[in-house]
Every structure is written in structure tokens, then in C-alpha cells.
Amino acid sequence: MKLIPRRRRDDLASWSPLNQLSRLREEVNRLFESPLSEWTRGSEAFGEWAPSVDLLDTKDKLTVKAELPGLKKEDIDISLDGNNLTISGERKHEEERKEGEVFRSEMYYGRFQRTVTLPHAVDSNKISANYKNGLLVVDLPKTEEAKRKQIEVKVS
Amino acid sequence: MNTNTLTQNQNRPADQAASANRGFVTPAVNISSNADEYVVEAEMPGVARDGIEVSIEGNQLTIIGRRQAEAQPGEFLYCESCPDDYRRVFEIAADIDSAKINAQMNQGVLRLRLPKAERVKPRKIEIAG
């Protein structure tokens with residue numbers, strides 16, 4: 001079982017070495033404000049982003065949840081290739097910013113992609129997804145065969 | 001940093017995720033200003049409209065986002081998300097008209113608009129005569 005984070009950030013317009021440095025500094029400052037667990041999460045300091053993903057196993061289905069704040073439904077793609085579920089998309093800047101000053105810029109924009117390898121076979125025709133409150137929830141019902149296998153394991 | 005390290009909450013039973021005793025995490029924010037207002041955006045995925053608390057005390061603006069508690073049967077095979085609620089405190093400038101602060105929630109992003117008081121807005125003074 002593995003998670004393959006593929007990270008990229010298309011934000012060439014705002015890229016400059018100075019920018020990167022100040023972002024790194026902000027990130028370091030934030031680290032001291034965050035609980036230790038946040039440290040292990042990711043390399044946001046390097047100007048990339050990948051959403052946090054949970055995988056939940058219940059009797060009849062697998063559920064994948066991804067934290068995707070501030071996207072539009074149309075900008076999220078979900079695909080299943082064999083046992084690999086890929087969630088990808090793009091976070092766009094909401095609107096043109098009026099002339100003014102920027103004090104903090106900690107959110108990430110641009111493309112993202114995450115792939116989760118599913119531990120059980122799922123019925124690809126019955127997958128459903130819901131995007132609400134910035135959380136994407138993908139329900140993947142297990143195939144009958146996968147359910148049977150689990151029961152067999154429990155009996156033995 | 002190893003992006004695949006999942007030390008946090010591994011194998012945590014799902015029902016504990018919905019437990020009431022939760023700490024706080026710091027949400028990522030964007031803060032900008034223009035001639036009329038300050039705009040604060042905060043990322044709080046998993047928080048619905050009614051989970052938002054915005055308060056001002058003196059010159060401190062506090063935003064809190066409470067996740068919707070949901071008890072789920074089953075087992076987390078990975079868990080990277082954090083069950084904690086969001087909280088962040090800002091010091092605000094004296095030029096903000098706190099009576100006119102406007103808050104909106106859109107797909108887990110809180111957007112606060114803090115209008116500047118009339119007296120501090122840039123003003124163009126015409127020369128009479």
C-alpha cells in the first residue's frame with residue numbers, strides 16, 4: 001500500500017528567489033505555531049502543495065477523503081486505474097485582486113495530484129463523489145468478491 | 001522531509017475522530033488590503049458555515065472554525081487530515097470599522113472583509129476656486 005504524492009505548483013508569475021525566501025521564512029514561523037504532527041506532513045516550504053488524504057475502510061466500502069479548500073467542483077478530476085484512485089485538479093485564484101498590499105500569502109494555488117492505492121477491489125460503476133465544505137469524499141463500494149474475502153479472513 | 005510519513009493518528013479508530021476534546025490547528029491565511037478594506041482568507045476544509053466563530057476583543061480578531069463532528073464506523077488505513085478545530089488570532093489596526101465586518105464561507109475557505117473606517121480612506125481634496 002502506498003501513497004504517491006506528485007506535487008507541482010504552477011505559479012511562475014509570482015516566482016522570484018526573494019519570494020521563495022520569504023515564503024520559507026513564513027513557513028518556518030508557522031511551524032513554530034503548529035503542533036508537532038504538522039511537521040511530518042509535507043514540504044510546503046518548497047512551494048508545492050498536495051491535499052491531505054484519508055482512507056477509511058468500512059465493511060462495504062472504502063472512503064477516500066481529500067481536503068481541497070476553495071475549489072470549484074468542475075476543477076476536480078477523479079479517476080480509477082486498476083487499484084489506483086487519482087484525484088487531481090487545479091486551484092485557481094478566485095478573482096482578480098484589486099490594487100493593494102499583500103501581507104500574508106500562505107495558501108497554495110495551481111495544479112495538484114494525489115494517487116491512492118486501494119487495498120480492496122471496488123466496483124467502478126458504483127463510485128460516487130461529493131464535494132462539500134472544501135472536503136472531497138469519494139465512496140468506493142467493494143466488489144462482492146472483496147467482501148467475501150474479508151469474511152473468510154475473519155472466520156479463519 | 002518525507003511526505004509519506006504518516007505518523008499522525010495512524011490506526012486511530014474512526015469514532016475518536018469525532019471526540020469532543022479537540023485542540024486547535026493554525027489555518028493558512030492570505031491577508032491583503034486595498035483602499036477600502038482588508039481581506040482575510042483562511043483555509044478551513046471540513047468546516048461548515050455554522051462552525052465559524054469570528055470575534056473581536058479590543059484589537060484582537062479571533063477566528064475559530066469547528067469541524068463537523070461525524071462518527072464513522074470503520075478503520076483509517078491512512079489519516080493525514082487533522083481532527084482538530086482551527087483557530088487563529090490577529091491583531092487588527094485601529095482603522096477598521098468593526099461594526100461592518102463581513103464574513104463568507106465558500107468550500108472551506110473563510111473570507112473576511114474588514115472595511116476601513118471612512119476617516120482613514122485616501123481622500124482626494126479638490127482645490128476650490
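Residues numbered from 1 in each chain as written. Chains lettered and ligands numbered in written order. Predicted model: local features only at pLDDT ≥ 70, side-chain atom pairs only at ≥ 80, totals over all residues. Heavy atoms only, no water.

1. Looking at the overall build of chain A
And then number 1: What chain A contains, in helices and strands, is three helices and nine strands.
And then number 2: N-terminal to C-terminal, the α/β element order of chain A is β-α-α-β-β-β-β-β-β-β-β-α.
And then number 3: Sorting the 156 residues of chain A into buried and exposed places 40% on the buried side.
And then number 4: Taking contacts inside chain A between residues at least 6 apart in sequence as the whole, the part at least 24 apart equals 61%.
And then number 5: When the accessible area of chain A is evaluated, it comes to approximately 9,200 Å², of which 51% is carbon and sulfur surface. (Helix = DSSP H or I, 4+ residues; strand = E, 2+ residues; numbered from the N terminus. Buried < 20%, exposed > 50% of the residue type's maximum accessible area, 1.4 Å probe, protein only. Contact = heavy atoms within 4.5 Å. Areas by Shrake-Rupley, 256 points an atom, 1.4 Å probe, with all protein chains shown as cover.)

2. As for the nonpolar core
And then number 1: Leu55(A), Val64(A), Leu68(A), Ile87(A), Leu118(A), Leu136(A) and Leu140(A) are the most contacted members of the largest nonpolar core, which totals 22 residues.
And then number 2: For this core, the secondary-structure elements that each account for two or more residues are β2 (53–57), β3 (61–67), β5 (84–91), β7 (110–117) and β9 (135–141) of chain A together with β6 (75–79) of chain B.
And then number 3: If we ignore the near neighbours within four places in the chain, the residues touching Val64(A) are Val53(A), Asp54(A), Leu55(A), Leu85(A), Ile87(A), Val116(A), Leu118(A), Leu136(A), Val137(A), Val138(A) and Leu140(A).
And then number 4: Counting residues in each nonpolar core, the second largest holds 20 residues, with Val25(B), Tyr86(B), Phe90(B) and Met105(B) among its members. (Core = buried A, V, L, I, M, F, W, Y, C linked by side-chain atoms within 4.5 Å.)

3. A look at unusual backbone geometry
And then number 1: One non-glycine residue, Asn133(A), lies in the positive phi region at around 50°.
And then number 2: Along the polypeptide, Asn133(A) turns up in the loop between β8 (128–132) and β9.
And then number 3: With phi around 45°, Gln107(B) is a residue other than glycine that occupies positive phi space.

4. A few points about the environment of Tyr108(A)
Residues and elements named next belong to chain A.
And then number 1: Relative to the elements of secondary structure, Tyr108 occurs in the loop between β6 (101–105) and β7.
And then number 2: Look at Tyr108 and you get buried, because its relative accessible area is 7%.
And then number 3: A sequence separation of 25 residues divides Tyr108 from Asn83, and the C-alpha atoms of the two residues are 29 Å apart.

5. Some details on the pattern of salt bridges
And then number 1: Scanning the model with the defined rule gives 16 salt bridges over all chains in all.
And then number 2: Residues Glu67(A) and Arg67(B) are paired through a salt bridge, measuring 3.4 Å at the closest nitrogen-oxygen approach. Pair noted here: Glu67(A) is in strand β3 and Arg67(B) is in strand β5 (residues 60–67), and the two residues belong to different chains. The exposure classification of Glu67(A) matches that of Arg67(B), with both residues buried.
And then number 3: Salt bridges sharing common partners tie together Arg104(A), Glu106(A) and Arg88(B). (Salt bridge = Lys/Arg side-chain N within 4 Å of Asp/Glu carboxyl O.)

6. With respect to the environment of Gly65(B)
All names here are of chain B.
And then number 1: Turning to its location among the elements, Gly65 is positioned in strand β5.
And then number 2: In this structure the C-alpha to C-alpha distance between Gly65 and Ala42, which are 23 residues apart in sequence, comes to 9.5 Å.
And then number 3: Those residues in contact with Gly65 that sit more than four places away from it in its chain are Met44, Val47, Gly51, Ile52, Asp85 and Tyr86.

7. Topic: the confidence of the model for chain B
One rule of thumb: low pLDDT means the predicted coordinates there are not for detailed reading.
Residues and elements named next belong to chain B.
And then number 1: Across chain B, the average pLDDT comes to 80, with 81% of residues at 70 or higher.
And then number 2: By mean pLDDT, the top-scoring element of chain B is strand β9 (residues 109–115) (95), and the lowest-scoring one is helix α1 (residues 14–17) (40).
And then number 3: Predicted confidence for residues 1–20 stays below pLDDT 50, and this span has 41 contacts to residues more than four positions away or in other chains.
And then number 4: Across the whole predicted complex the pTM is 0.70, and at the interface the ipTM reaches 0.73. (pLDDT = per-residue confidence, 0-100.)

8. Section: the side chain of Ser33(B)
And then number 1: Tracing the backbone shows Ser33(B) in strand β2 (residues 29–33).
And then number 2: Given the relative accessible area of 8%, Ser33(B) is considered buried.
And then number 3: For Ser33(B), the residues in contact, after removing those within four places along its chain, are Glu99(A), Gly100(A), Glu101(A), Phe103(A), Tyr38(B) and Lys116(B).

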